[in-house]
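# Structural overview
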Amino acid sequence: MASPKFQGWLGKTPDSVNGKMEWGEFEPKKWTEDDVDIEISHCGICGSDIHMLKSGWGPTPYPCVVGHEIVGRAVRVGKNVKHVKVGDRVGVGAQARSCQKSICSECSNDMPSYCANELINTYGSIYPNDEGKSYGGYADYNRTNGGFVVKIPDGLESAVAAPMLCGGITMYSPLKENGCGPGKTVGIVGVGGLGHFGIIFAKALGADRVVGISRKSDKRDDALKLGADEYIATSEEEGWETKHARSLDLIISTVGSEKMPLNGYLCLLKVKGTLIQVGAPDGRYLPPINAFTLLLSSIKIGGSAVGSPREISEMLQLAADKKIKSWVQERPLKDANQAIIDMEDGKARFRYVLVSEKYGHH
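About the criteria used
- Residues numbered from 1 in each chain as written.
- Predicted model: local features only at pLDDT ≥ 70, side-chain atom pairs only at ≥ 80, totals over all residues.
- Heavy atoms only, no water.
- Buried < 20%, exposed > 50% of the residue type's maximum accessible area, 1.4 Å probe, protein only.
- Helix = DSSP H or I, 4+ residues; strand = E, 2+ residues; numbered from the N terminus.
- Pairing = 2+ DSSP bridges.
- Right-handed = clockwise from strand over helix to strand, strands pointing away.
- Polar contact = N/O pair within 3.5 Å; in protein donor to acceptor, adjacent residues only side chain to side chain.
- Contact = heavy atoms within 4.5 Å.
- Core = buried A, V, L, I, M, F, W, Y, C linked by side-chain atoms within 4.5 Å.
- Phe/Tyr/Trp six-rings, centres within 6.5 Å; stacked < 30°, edge-to-face > 60°.

As a further point, take the pairing of strand 17 (residues 351–355). Extensive coverage of strand 17 is indicated by the burial of 5 of its 5 residues. Burial along strand 17 is two-sided: the residues Arg351, Val353 and Val355 and Tyr352 and Leu354 are all buried. In this sheet, strand 17 lies alongside strand 3 (residues 35–44) in antiparallel orientation, the contact comprising 3 bridges. Residue His42 lies in a different strand from strand 17, and its bridge partner there is Val355. With helix 10 (residues 336–344) bridging strand 16 (residues 328–332) and its parallel neighbour strand 17, the resulting β-α-β unit is right-handed.

As C-alpha coordinates, this is what we get:
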(Lines give C-alpha, C1' and ligand atoms only; values in the text may rest on other atoms or scores of the structure.)
Protein backbone atom coordinates (compact mmCIF):
# COMPACT_ATOMS: atom_id res chain seq x y z
CA MET A 1 0.00 0.00 0.00
CA ALA A 2 1.21 3.52 -0.77
CA SER A 3 1.74 5.90 2.12
CA PRO A 4 -1.49 7.62 3.20
CA LYS A 5 -1.76 11.40 3.47
CA PHE A 6 -0.73 12.50 6.95
CA GLN A 7 -2.71 15.46 8.30
CA GLY A 8 -3.35 16.59 11.84
CA TRP A 9 -3.56 19.37 14.41
CA LEU A 10 -0.19 21.12 14.39
CA GLY A 11 1.12 23.03 17.36
CA LYS A 12 3.51 25.63 15.97
CA THR A 13 4.29 27.79 19.02
CA PRO A 14 3.76 27.60 22.80
CA ASP A 15 0.59 29.64 22.25
CA SER A 16 -0.96 26.66 20.46
CA VAL A 17 -2.06 25.37 23.87
CA ASN A 18 -4.54 28.27 23.98
CA GLY A 19 -6.73 26.79 21.27
CA LYS A 20 -4.41 27.77 18.43
CA MET A 21 -3.36 24.46 16.89
CA GLU A 22 -3.70 24.51 13.10
CA TRP A 23 -4.91 21.66 10.88
CA GLY A 24 -2.35 20.81 8.24
CA GLU A 25 -0.20 18.23 6.49
CA PHE A 26 2.99 16.82 8.02
CA GLU A 27 5.71 14.41 6.98
CA PRO A 28 5.97 11.30 9.19
CA LYS A 29 9.22 9.47 9.86
CA LYS A 30 10.71 7.64 6.89
CA TRP A 31 9.02 4.30 6.29
CA THR A 32 10.88 1.12 7.22
CA GLU A 33 9.72 -2.49 7.17
CA ASP A 34 9.64 -2.37 10.98
CA ASP A 35 6.82 0.19 10.96
CA VAL A 36 3.02 0.21 11.06
CA ASP A 37 0.77 2.92 9.63
CA ILE A 38 -2.45 3.38 11.60
CA GLU A 39 -5.69 4.98 10.45
CA ILE A 40 -6.67 6.72 13.69
CA SER A 41 -10.20 6.41 15.02
CA HIS A 42 -9.68 7.57 18.62
CA CYS A 43 -7.02 9.47 20.55
CA GLY A 44 -7.13 10.32 24.23
CA ILE A 45 -6.10 13.74 25.50
CA CYS A 46 -3.34 13.44 28.09
CA GLY A 47 -1.87 16.08 30.38
CA SER A 48 1.45 15.46 28.63
CA ASP A 49 -0.07 16.89 25.45
CA ILE A 50 -0.62 20.21 27.19
CA HIS A 51 2.89 20.27 28.65
CA MET A 52 4.39 19.57 25.22
CA LEU A 53 2.26 22.11 23.35
CA LYS A 54 3.44 24.90 25.65
CA SER A 55 7.07 23.68 25.98
CA GLY A 56 6.46 23.03 29.66
CA TRP A 57 9.11 20.31 29.99
CA GLY A 58 11.68 21.97 27.75
CA PRO A 59 11.78 23.31 24.18
CA THR A 60 9.30 21.51 21.90
CA PRO A 61 10.51 20.83 18.33
CA TYR A 62 7.68 22.64 16.56
CA PRO A 63 5.64 21.89 14.54
CA CYS A 64 4.31 19.13 16.75
CA VAL A 65 1.23 16.92 16.58
CA VAL A 66 0.51 15.69 20.11
CA GLY A 67 -1.53 12.69 21.25
CA HIS A 68 -0.14 9.36 22.52
CA GLU A 69 -3.27 7.40 23.35
CA ILE A 70 -3.94 6.21 19.83
CA VAL A 71 -6.42 3.56 18.67
CA GLY A 72 -7.20 2.75 15.06
CA ARG A 73 -6.82 0.26 12.24
CA ALA A 74 -3.52 -0.97 10.83
CA VAL A 75 -3.51 -0.03 7.13
CA ARG A 76 0.14 -0.71 6.28
CA VAL A 77 2.34 -3.25 8.07
CA GLY A 78 6.07 -3.68 7.53
CA LYS A 79 7.42 -7.08 6.50
CA ASN A 80 9.33 -7.44 9.75
CA VAL A 81 6.22 -6.98 11.91
CA LYS A 82 4.74 -10.40 12.70
CA HIS A 83 2.14 -9.80 15.43
CA VAL A 84 -0.04 -7.33 13.51
CA LYS A 85 -1.76 -7.63 10.14
CA VAL A 86 -3.58 -5.11 7.97
CA GLY A 87 -7.08 -4.56 9.33
CA ASP A 88 -6.26 -5.27 12.97
CA ARG A 89 -7.50 -2.85 15.62
CA VAL A 90 -4.36 -1.60 17.32
CA GLY A 91 -3.07 0.99 19.74
CA VAL A 92 0.03 3.07 20.49
CA GLY A 93 0.94 4.60 23.84
CA ALA A 94 3.53 7.18 24.82
CA GLN A 95 6.57 5.44 23.34
CA ALA A 96 7.32 4.89 19.66
CA ARG A 97 10.71 3.16 19.72
CA SER A 98 13.74 2.16 21.78
CA CYS A 99 17.07 0.72 20.67
CA GLN A 100 15.67 -2.85 21.00
CA LYS A 101 19.19 -4.29 21.13
CA SER A 102 20.06 -7.45 23.02
CA ILE A 103 23.06 -5.72 24.61
CA CYS A 104 20.76 -3.08 26.16
CA SER A 105 19.99 -4.12 29.74
CA GLU A 106 16.71 -2.19 29.74
CA CYS A 107 15.35 -3.39 26.38
CA SER A 108 16.44 -6.99 26.98
CA ASN A 109 14.68 -7.00 30.36
CA ASP A 110 11.29 -5.67 29.21
CA MET A 111 12.01 -2.09 30.32
CA PRO A 112 12.18 -0.23 26.98
CA SER A 113 10.67 2.94 28.48
CA TYR A 114 13.94 3.36 30.40
CA CYS A 115 16.25 2.73 27.42
CA ALA A 116 19.23 5.11 27.60
CA ASN A 117 20.39 4.48 24.03
CA GLU A 118 17.36 5.47 21.97
CA LEU A 119 14.18 6.68 23.61
CA ILE A 120 11.69 7.90 21.01
CA ASN A 121 8.41 9.32 22.25
CA THR A 122 5.24 9.01 20.17
CA TYR A 123 5.43 12.72 19.45
CA GLY A 124 8.06 15.42 19.64
CA SER A 125 11.13 13.19 19.27
CA ILE A 126 13.80 13.36 16.57
CA TYR A 127 14.73 9.97 15.12
CA PRO A 128 18.42 9.16 14.57
CA ASN A 129 19.96 8.70 11.12
CA ASP A 130 17.84 11.42 9.51
CA GLU A 131 14.64 9.33 9.74
CA GLY A 132 12.55 12.36 10.66
CA LYS A 133 10.37 13.33 13.59
CA SER A 134 7.62 11.58 15.55
CA TYR A 135 4.08 12.91 15.27
CA GLY A 136 1.17 11.88 17.48
CA GLY A 137 -2.50 11.06 17.32
CA TYR A 138 -4.47 14.29 16.86
CA ALA A 139 -4.39 13.30 13.23
CA ASP A 140 -5.75 11.03 10.53
CA TYR A 141 -2.74 8.67 10.53
CA ASN A 142 0.19 7.67 12.71
CA ARG A 143 3.42 5.82 11.87
CA THR A 144 5.12 3.89 14.67
CA ASN A 145 7.63 1.06 15.07
CA GLY A 146 5.77 -2.23 15.19
CA GLY A 147 7.40 -3.22 18.47
CA PHE A 148 5.34 -0.53 20.19
CA VAL A 149 2.04 -1.26 18.47
CA VAL A 150 -0.32 -3.44 20.53
CA LYS A 151 -3.51 -5.22 19.53
CA ILE A 152 -6.71 -4.08 21.25
CA PRO A 153 -8.62 -7.04 22.75
CA ASP A 154 -12.11 -7.81 21.52
CA GLY A 155 -14.73 -6.60 23.96
CA LEU A 156 -12.85 -3.41 24.84
CA GLU A 157 -14.36 -0.34 23.22
CA SER A 158 -11.90 1.89 21.38
CA ALA A 159 -12.89 5.01 23.34
CA VAL A 160 -12.38 3.11 26.60
CA ALA A 161 -9.06 1.59 25.52
CA ALA A 162 -7.46 4.79 24.18
CA PRO A 163 -6.75 6.61 27.47
CA MET A 164 -5.44 3.40 29.02
CA LEU A 165 -2.51 3.45 26.58
CA CYS A 166 -0.81 6.23 28.54
CA GLY A 167 -2.97 7.24 31.51
CA GLY A 168 -3.90 3.67 32.34
CA ILE A 169 -0.45 2.12 32.03
CA THR A 170 1.15 5.02 33.93
CA MET A 171 -0.85 3.80 36.94
CA TYR A 172 -1.06 0.06 36.26
CA SER A 173 2.70 -0.40 35.89
CA PRO A 174 3.78 1.02 39.29
CA LEU A 175 0.83 -0.60 41.05
CA LYS A 176 1.78 -4.02 39.68
CA GLU A 177 5.53 -3.46 40.09
CA ASN A 178 5.13 -2.45 43.74
CA GLY A 179 2.96 -5.31 44.89
CA CYS A 180 -0.58 -3.93 44.76
CA GLY A 181 -2.89 -6.83 45.50
CA PRO A 182 -4.64 -8.72 48.31
CA GLY A 183 -3.49 -7.70 51.76
CA LYS A 184 -2.37 -4.22 50.66
CA THR A 185 -3.79 -0.76 51.33
CA VAL A 186 -3.17 1.75 48.55
CA GLY A 187 -3.48 5.53 48.35
CA ILE A 188 -3.94 7.44 45.10
CA VAL A 189 -2.97 11.13 45.27
CA GLY A 190 -4.97 13.18 42.77
CA VAL A 191 -8.36 11.96 41.60
CA GLY A 192 -8.21 13.10 37.99
CA GLY A 193 -7.30 11.70 34.61
CA LEU A 194 -4.45 9.59 36.00
CA GLY A 195 -5.79 9.10 39.50
CA HIS A 196 -9.11 7.64 38.42
CA PHE A 197 -7.15 4.87 36.68
CA GLY A 198 -5.20 4.36 39.88
CA ILE A 199 -8.35 3.66 41.85
CA ILE A 200 -9.80 1.43 39.12
CA PHE A 201 -6.69 -0.71 38.68
CA ALA A 202 -5.82 -0.89 42.39
CA LYS A 203 -9.25 -2.44 42.96
CA ALA A 204 -8.93 -4.68 39.88
CA LEU A 205 -5.59 -5.98 41.18
CA GLY A 206 -7.28 -6.93 44.46
CA ALA A 207 -6.09 -4.33 46.98
CA ASP A 208 -7.88 -4.70 50.30
CA ARG A 209 -8.45 -0.97 50.66
CA VAL A 210 -8.02 1.98 48.29
CA VAL A 211 -7.96 5.60 49.48
CA GLY A 212 -8.47 8.59 47.18
CA ILE A 213 -6.47 11.65 48.24
CA SER A 214 -7.09 15.15 46.90
CA ARG A 215 -7.04 18.74 48.11
CA LYS A 216 -10.78 19.32 48.15
CA SER A 217 -13.84 17.18 48.81
CA ASP A 218 -15.50 17.89 45.44
CA LYS A 219 -14.25 14.59 43.99
CA ARG A 220 -15.22 12.44 46.97
CA ASP A 221 -18.39 11.05 45.38
CA ASP A 222 -16.59 10.26 42.12
CA ALA A 223 -13.76 8.53 43.96
CA LEU A 224 -16.18 6.33 45.87
CA LYS A 225 -18.09 5.49 42.68
CA LEU A 226 -14.80 4.48 41.07
CA GLY A 227 -14.28 2.00 43.89
CA ALA A 228 -12.36 3.89 46.59
CA ASP A 229 -13.10 2.81 50.14
CA GLU A 230 -12.14 6.12 51.72
CA TYR A 231 -11.30 9.70 50.73
CA ILE A 232 -9.02 12.30 52.28
CA ALA A 233 -9.46 16.01 51.44
CA THR A 234 -6.13 17.44 52.56
CA SER A 235 -7.08 21.13 52.50
CA GLU A 236 -10.32 20.57 54.39
CA GLU A 237 -9.51 17.85 56.92
CA GLU A 238 -7.42 19.34 59.71
CA GLY A 239 -4.68 17.06 61.01
CA TRP A 240 -5.11 14.54 58.18
CA GLU A 241 -1.43 13.53 58.34
CA THR A 242 -1.80 12.50 61.98
CA LYS A 243 -5.27 10.99 61.73
CA HIS A 244 -4.30 8.70 58.86
CA ALA A 245 -0.64 8.17 59.81
CA ARG A 246 0.92 4.81 58.91
CA SER A 247 -2.22 3.54 57.24
CA LEU A 248 -1.02 2.80 53.68
CA ASP A 249 1.42 0.31 52.19
CA LEU A 250 1.72 2.07 48.85
CA ILE A 251 0.97 5.54 47.50
CA ILE A 252 0.96 6.50 43.83
CA SER A 253 1.15 10.28 43.44
CA THR A 254 -0.20 11.78 40.23
CA VAL A 255 0.23 15.36 41.47
CA GLY A 256 3.29 17.28 40.33
CA SER A 257 3.88 20.55 42.17
CA GLU A 258 6.53 22.21 44.30
CA LYS A 259 3.69 23.15 46.68
CA MET A 260 2.22 19.67 47.20
CA PRO A 261 2.27 18.42 50.83
CA LEU A 262 4.74 15.65 50.03
CA ASN A 263 5.98 15.16 53.59
CA GLY A 264 2.36 14.78 54.70
CA TYR A 265 1.80 12.06 52.11
CA LEU A 266 4.91 10.25 53.32
CA CYS A 267 3.52 10.27 56.86
CA LEU A 268 0.58 8.18 55.62
CA LEU A 269 2.88 5.27 54.78
CA LYS A 270 3.31 2.30 57.06
CA VAL A 271 6.81 1.29 58.11
CA LYS A 272 8.67 0.13 54.97
CA GLY A 273 5.95 1.64 52.77
CA THR A 274 6.56 3.11 49.33
CA LEU A 275 5.54 6.30 47.52
CA ILE A 276 5.87 6.29 43.73
CA GLN A 277 5.76 9.64 41.93
CA VAL A 278 4.25 9.65 38.42
CA GLY A 279 3.12 13.29 38.16
CA ALA A 280 5.68 15.45 36.34
CA PRO A 281 5.56 19.19 37.15
CA ASP A 282 6.35 21.86 34.57
CA GLY A 283 9.20 23.11 36.71
CA ARG A 284 10.55 19.55 37.13
CA TYR A 285 11.02 19.89 40.92
CA LEU A 286 9.16 18.49 43.93
CA PRO A 287 9.11 19.94 47.47
CA PRO A 288 12.06 19.30 49.81
CA ILE A 289 11.77 16.07 51.78
CA ASN A 290 12.42 15.79 55.51
CA ALA A 291 15.06 13.07 55.74
CA PHE A 292 13.80 11.95 59.14
CA THR A 293 10.38 11.21 57.64
CA LEU A 294 12.15 8.59 55.51
CA LEU A 295 14.56 7.33 58.16
CA LEU A 296 12.17 6.89 61.08
CA SER A 297 9.67 4.82 59.07
CA SER A 298 12.13 3.10 56.73
CA ILE A 299 10.07 4.25 53.76
CA LYS A 300 11.03 4.53 50.11
CA ILE A 301 10.23 7.11 47.46
CA GLY A 302 10.63 6.44 43.75
CA GLY A 303 9.32 7.23 40.31
CA SER A 304 7.78 5.45 37.37
CA ALA A 305 7.35 6.21 33.68
CA VAL A 306 5.07 4.32 31.30
CA GLY A 307 5.07 0.54 30.92
CA SER A 308 6.33 -1.80 28.22
CA PRO A 309 4.16 -3.03 25.32
CA ARG A 310 3.90 -6.37 27.16
CA GLU A 311 2.54 -4.61 30.26
CA ILE A 312 0.14 -2.57 28.13
CA SER A 313 -1.24 -5.73 26.53
CA GLU A 314 -1.55 -7.36 29.96
CA MET A 315 -3.43 -4.31 31.29
CA LEU A 316 -5.78 -4.18 28.30
CA GLN A 317 -6.59 -7.88 28.66
CA LEU A 318 -7.34 -7.39 32.37
CA ALA A 319 -9.63 -4.51 31.46
CA ALA A 320 -11.41 -6.62 28.85
CA ASP A 321 -11.73 -9.63 31.19
CA LYS A 322 -13.03 -7.59 34.13
CA LYS A 323 -15.08 -5.23 31.96
CA ILE A 324 -13.23 -2.20 33.34
CA LYS A 325 -14.42 1.12 31.97
CA SER A 326 -12.41 4.32 31.78
CA TRP A 327 -14.49 7.39 32.59
CA VAL A 328 -14.34 9.13 29.24
CA GLN A 329 -16.09 11.92 27.40
CA GLU A 330 -15.90 11.74 23.61
CA ARG A 331 -15.10 14.90 21.66
CA PRO A 332 -14.96 15.25 17.85
CA LEU A 333 -11.46 15.56 16.43
CA LYS A 334 -12.45 18.81 14.73
CA ASP A 335 -12.96 20.35 18.19
CA ALA A 336 -9.49 19.47 19.48
CA ASN A 337 -8.61 23.09 20.25
CA GLN A 338 -11.62 23.59 22.50
CA ALA A 339 -11.08 20.20 24.12
CA ILE A 340 -7.52 21.21 25.07
CA ILE A 341 -8.84 24.42 26.65
CA ASP A 342 -11.51 22.50 28.57
CA MET A 343 -8.89 19.99 29.73
CA GLU A 344 -6.71 22.83 31.03
CA ASP A 345 -9.74 24.23 32.86
CA GLY A 346 -10.25 20.91 34.66
CA LYS A 347 -13.61 20.12 33.06
CA ALA A 348 -12.81 16.53 31.98
CA ARG A 349 -14.35 13.72 34.03
CA PHE A 350 -11.95 12.13 33.70
CA ARG A 351 -10.48 11.74 30.22
CA TYR A 352 -11.40 13.35 26.92
CA VAL A 353 -11.13 11.15 23.84
CA LEU A 354 -11.00 12.70 20.38
CA VAL A 355 -13.06 10.74 17.86
CA SER A 356 -12.30 11.01 14.14
CA GLU A 357 -15.20 12.12 11.99
CA LYS A 358 -13.71 10.04 9.16
CA TYR A 359 -12.65 6.86 10.94
CA GLY A 360 -14.36 6.86 14.32
CA HIS A 361 -16.46 3.82 13.45
CA HIS A 362 -13.59 1.41 14.24
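Here we take up the side chain of Ser326. As for its position among the elements, Ser326 is in the loop between helix 9 (309–321) and strand 16. Among the polar contacts listed, one links the side chain of Ser326 to the backbone oxygen of Val160, at a separation of 2.7 Å. Setting aside residues no more than four positions away along its own chain, Ser326 makes contact with Val160, Pro163, Met164, His196 and Phe197.

Further remarks concern the environment of Phe350. As for its position among the elements, Phe350 is in the loop between helix 10 and strand 17. The buried category is assigned to Phe350, whose relative accessible area is 3%. Taking the C-alpha atoms as reference, Phe350 lies 7.5 Å from Gln329; in sequence the two are 21 residues apart. In this view, Phe350 contacts Val191, Gly192, Gly193, His196, Lys219, Asp222, Leu226 and Trp327; residues no more than four positions away in its chain are not counted.

It is worth spelling out the nonpolar core at this point. Core analysis: the biggest nonpolar cluster contains 49 residues, and Met164, Leu175, Phe201 and Leu316 have the highest contact counts within it. For this core, the secondary structure elements donating two or more residues are helix 2 (158–161), helix 3 (167–177), strand 10 (185–189), helix 4 (195–204), helix 5 (220–226), strand 12 (230–233), strand 13 (248–253) and helix 9. Non-local contacts of Phe201, meaning those with residues more than four positions away in its chain, are made with Met164, Gly168, Tyr172, Leu175, Met315, Leu318 and Ile324. By size, the runner-up hydrophobic cluster in this structure holds 39 residues, among which are Val36, Val66, Val92 and Leu333.

If you walk through the whole model with that rule in mind, you get 9 aromatic pairs. When the ring of Phe6 is compared with that of Phe26, the centres are 5.8 Å apart and the planes differ by 70°; the resulting orientation is edge-to-face. Of this pair, Phe6 sits in the segment before strand 1 (7–10) while Phe26 sits in the loop between strand 2 (22–25) and strand 3, and the two are 20 residues apart along the sequence. Accessibility classification places Phe6 together with Phe26 in one group, the buried group.

Shape descriptors only; they carry no functional weight alone.
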